[in-house]
Amino acid sequence: MVNTKEYKDYLKFKGWDSFFTYNIAQSKQFEDIFKNINLQEKKVLEIGFGSGSLMNWMRDKGAKVSGVEIQDTLIKSAKNNDFKAYPSLDVIEEKDFNIVIGLDLFEHIDRKNLTSFLIQISNLMETGGLLIARFPNCQSPSGVFTQFGDPTHLSALSVPIFEHH
């Protein structure tokens, strides 16, 4: 679904020079996102884990975390940090994740593939599982910079567009 050639210099573009660490500011951001969610012993899948900071933070909060990423460097780093890491949803055999997270992920999926991508995610989740999604809001002037500031973004999304899929 994703052209990995477009991501050739993505780590440099994002400014990621360390993996699977988080700082105080990131910890506060994560605490805000997950303030009403008990992560203890939850089976979590983060799709598009990037630098791995969230995966490490969730593990520190007691979650059992796995991740999906398209870049070999990030997958190797995840495995070196004792995480299960996969190059795509297609190779995951587990089907009982309590929580699936896609922060700043869905804008990287072509809208024509969004419904099938969501079905794939659903098939990996337990009944009643939680999907946490964050993406730039294309209906908001403040989402425009985020949406169009990354050359790998394929879709402009909003809550109504996302819910339609």
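Before any of the text, the structure's been laid out above.
For every chain, the first residue of the written sequence is number 1, and numbering continues from 1 along that sequence. For a predicted model such as this one, the threshold for reporting local features is a pLDDT of at least 70, and the threshold for listing and counting side-chain atom pairs is 80 or more; totals across whole chains, interfaces and linings nevertheless cover every residue. The side-chain numbers reported here are obtained from all heavy atoms of the structure, hydrogens and water having been left aside.

(A) Representation of the packing of aromatic side chains in the model. For Phe, Tyr and Trp, rings pair up if their centres lie within 6.5 Å, where Trp contributes its six-membered ring, and each pair is then called stacked (planes under 30 degrees apart), edge-to-face (over 60) or tilted (otherwise). Considering all chains together, one arrives at 4 aromatic pairs under this definition. A ring pair is formed by F20 and F83, whose centres lie 5.2 Å apart and whose planes are at 25°; its orientation type is stacked. Residue F20 is found in the loop between α1 (10-14) and α2 (24-33), and its partner F83 is found in the loop between α4 (72-80) and β3 (84-86); the two are separated by 63 residues along the sequence. Exposure class is identical for F20 and F83. Each is buried. Both rings, one in F34 and one in W57, keep their centres 5.8 Å apart while their planes meet at 35°; by these two values the pair is tilted. Of the two residues, F34 is situated in the loop between α2 and β1 (43-47) and W57 in helix α3 (residues 53-60); the sequence distance between them amounts to 23 residues. Here F34 and W57 have matching classes, each one buried. Cluster of aromatic residues (ring-pair linked, three or more members): F20, F49 and F83. Lysine and arginine charges are scored as sitting over a ring when NZ or CZ, respectively, is within 6 Å of the ring centre and within 35 degrees of the ring normal. Above the plane of the ring of F97 lies K43, whose end atom (NZ or CZ) is 5.1 Å from the centre. A cation over an aromatic ring shows up here: R59 above the ring of F83, its NZ or CZ 3.8 Å from the ring centre. Here a helix means four or more residues in a row that DSSP labels H or I, a strand means two or more in a row labelled E, and each is numbered from the N terminus. The cut-offs for exposure are 20% and 50% of the maximum accessible area for each residue type, with area from a 1.4 Å probe on protein chains only; residues under the lower value are buried, those over the upper are exposed, and the others partly exposed.

(B) Structural view of the packing of α2 against α3. Interaxial distance between α2 and α3 falls to 11 Å at its minimum, and their mutual angle equals 70°. Compared by their axis directions, α2 and α3 come out roughly perpendicular. When you trace α2 past α3, the crossing you get is right-handed. Of α3, the residues touching α2 (which contributes Q26, S27, F30 and E31) are S53, L54 and W57. Amino acids are sorted into nonpolar (Ala, Val, Leu, Ile, Met, Phe, Trp, Tyr, Cys and Pro), charged (Asp, Glu, Lys and Arg) and polar (every other residue, Gly among them). For the contact of α2 with α3, the class distribution of residues is 3 nonpolar, 3 polar and 1 charged. Helix axes are fitted to C-alpha atoms over the stretch in contact, other axes to C-alpha atoms as well, and angles between N-to-C directions run from 0 to 180 degrees. Angle categories are assigned with fixed cut-offs, so that under 35 degrees is roughly parallel, over 145 is roughly antiparallel, 65 to 115 is roughly perpendicular, and the rest are oblique. Take the far helix as your reference; a near helix turned counterclockwise from it by less than a right angle gives a left-handed crossing, and one turned clockwise gives a right-handed crossing. Only heavy atoms enter the contact rule, under which two residues are in contact if any of them lie within 4.5 Å.

(C) Fine view of α3. Counting buried residues in α3 gives 6 out of 8 residues, a clear majority hidden from the surface. Of the residues making up α3, those classed as buried are S53, L54, M55, N56, W57 and M58. Among the structural elements, α2, β1, β2 (64-68), β3 and β4 (97-103) are those in contact with the buried residues of α3. Positive phi appears at G62, one or two residues downstream of α3, with a value of about 100°.

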